[in-house]
Amino acid sequence: MNYFRIQEDVSAGYTGSIDASHKWGLPGVLDCPSCKATWGDNSRTYPSVDLTPVTSLANFENAWPKPIEEYERMCELVRPLLPPGARLEPGAAFGPLEGKAQGRFGQLFTDFSGLLLVQREALDKLQTEGLQGLKGCSTALRFRQRHSPVLLELELLPVGHLHPKCLPPNPQPPCPRCGRIKHALPDLPILDASTLPEHLDLFRLEDYSNLNICTGRFVEACQRLGLDGVVFQPLEARD
């Protein structure tokens, strides 16, 4: 199986941009008692998750870091509402993407934040190709222009890891309390083939949730259908 990283096609000439965030989120962690870090990362997103049933029990609209005990309490409120295979970390986001959008968009859209959006017509075409793991979720993006596209957010589940060969020598394990990984994403990521899913054509890694990955089947379908807006960078996968 071949794997690819999905990135913005800056040469396509599209001007689309968004200024938006998800409706709800977990807070960051303040001074983790195990690793002493204060951090949060909102690249782990679950737009299908509706937190309405538990919003009376905690403030999920304030992302400021909180003591880890409060973060862990909020995780337990969210956990029963997650899709199978979902994982939590400080800053994880839920619900529809809300905010402003403008410009011309390709059939697929991503930017530095790692969001992956798709126009409704393009998703309908992809779903006829028999690809696995394509889940489009409604957004609440506001356009000022006429004839604006209907953009859906693709929900990518976390599966798989990077291969140890692309990590620093003797890398430290994630923090056992908050899960923080200390080393940055390598310039040349290598996937650990033994950890990759056979049932998904679109996913993110468990350890680096800002890395959008697809299979060769997904790339071939996009090329056959003429879907644009992103480019596909081949990734090496080793056993």
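For clarity, every value in this text was computed on a predicted model and none was experimentally measured. (Residues numbered from 1 in each chain as written. Predicted model: local features only at pLDDT ≥ 70, side-chain atom pairs only at ≥ 80, totals over all residues. Heavy atoms only, no water.)

Asker: Kindly report on the pattern of salt bridges, identifying the contributing residues and their values.
Answerer: All told, the structure shown has eleven salt bridges when counted by the stated rule. The partner of Lys23 in a salt bridge is Glu98, and the shortest N-O contact between them spans 3.9 Å. Linking Lys23 in strand 2 (residues 17-25) with Glu98 in strand 6 (residues 93-102), this pair joins segments that are 75 residues apart in sequence. Given a relative accessible area of 31%, Glu98 falls into the partly exposed group. The partner of Glu206 in a salt bridge is Arg87, and the shortest N-O contact between them spans 3.1 Å. Here Glu206 is found in the loop between strand 13 (202-204) and strand 14 (212-215), whereas its partner Arg87 is found in the loop between helix 1 (68-78) and strand 6, with 119 residues between them in sequence. Because the salt bridges share partners, they merge into one network encompassing Glu69, Glu72 and Arg177. (Salt bridge = Lys/Arg side-chain N within 4 Å of Asp/Glu carboxyl O. Helix = DSSP H or I, 4+ residues; strand = E, 2+ residues; numbered from the N terminus. Buried < 20%, exposed > 50% of the residue type's maximum accessible area, 1.4 Å probe, protein only.)

Asker: Account for the sheet that holds strand 11 (residues 151-154), with residues named and values stated.
Answerer: Here we have four strands laid out as an open sheet, ordered 7-8-11-9, and antiparallel in their pairing. Of all strands in the sheet, those with a lone pairing partner are strand 7 (108-110) and strand 9 (136-138), marking the two edges. If you compare each strand with its neighbour and ignore which way they point, the axes differ by 40 degrees on average. Of the strand pairs in this sheet, strand 7 and strand 8 (residues 116-119) are connected by three bridges, and their pairing is antiparallel. The residue bridging Thr110 from the neighbouring strand is Leu116, located in strand 8. (Pairing = 2+ DSSP bridges. Axes fitted to C-alpha atoms, helices over the stretch in contact; angles between N-to-C directions.)

Asker: Account for the environment of Ala20, naming residues and giving values.
Answerer: Relative to the helices and strands, Ala20 is located in strand 2. For Ala20, a relative accessible area of 28% corresponds to the partly exposed category. Those residues in contact with Ala20, other than ones at most four positions away along the chain, are Leu97, Glu98, Gly99, Lys100 and Leu141. (Contact = heavy atoms within 4.5 Å.)

Asker: I'd like a rundown of the side chain of Arg44, residues and numbers included.
Answerer: As for its position among the elements, Arg44 is in the loop between strand 3 (29-30) and strand 4 (45-46). Looking at Arg44, the relative accessible area reads 5%, which means it is buried. A polar atom in the side chain of Arg44 sits 2.7 Å from the backbone oxygen of Glu206. Among residues more than four places away in sequence, those in contact with Arg44 are Arg87, Leu88, Glu89, Ala92, Ala93, Pro158, Leu205, Glu206 and Ser209. (Polar contact = N/O pair within 3.5 Å; in protein donor to acceptor, adjacent residues only side chain to side chain.)

Asker: Go over the packing of aromatic side chains, please, and point to the residues and values.
Answerer: Tallying each qualifying case throughout the model produces five aromatic pairs. Ring plane angle 80 degrees and centroid distance 6.2 Å describe the contact between Tyr3 and Phe203, whose orientation is recorded as edge-to-face. Placement of Tyr3 in strand 1 (residues 3-8) and of Phe203 in strand 13 is noted, with a sequence separation of 200 residues between them. Here the two residues Tyr3 and Phe203 agree in accessibility, since each one is buried. Centroid distance Phe218 to Phe232: 6.2 Å. Interplanar angle 75 degrees. Geometry classified as edge-to-face. Linking Phe218 in helix 3 (residues 216-225) with Phe232 in strand 15 (residues 230-238), this pair joins segments that are 14 residues apart in sequence. Judged by its relative accessible area of 1%, Phe218 is buried. Among the residues examined, Phe232 registers a relative accessible area of 19% and is labelled buried. (Phe/Tyr/Trp six-rings, centres within 6.5 Å; stacked < 30°, edge-to-face > 60°.)

Asker: Give me the lowdown on the pairing of strand 1, citing residues and values where you can.
Answerer: Inspection of the sheet shows strand 1 paired to strand 14 by three bridges, in the antiparallel sense. When the bridges of strand 14 are listed, Phe4 appears paired with Cys214. With six bridges connecting them, strand 1 and strand 15 associate as antiparallel partners. Across the sheet, residue Arg5 finds its bridge partner in strand 15, namely Gln233.

Asker: Can you explain the sheet that holds strand 13? Please cite residues and give values.
Answerer: Taken in spatial order, the five strands make up an open sheet running 12-15-1-14-13, and their pairing is mixed. Both edges of this open sheet fall to strand 12 (190-192) and strand 13, since each of them pairs with a single strand only. Within this sheet the neighbouring strands show an average axis-to-axis angle of 40 degrees, counted without direction. Here three bridges tie strand 13 to strand 14, and the two strands are oriented antiparallel to one another. Residue pairing across strands places Arg204 opposite Asn212, the latter belonging to strand 14. On top of the sheet, helix 3 reaches strand 1, strand 13, strand 14 and strand 15; it is set at about 80 degrees to strand 14, its chief contact.

Geometric values such as these leave the question of function open.
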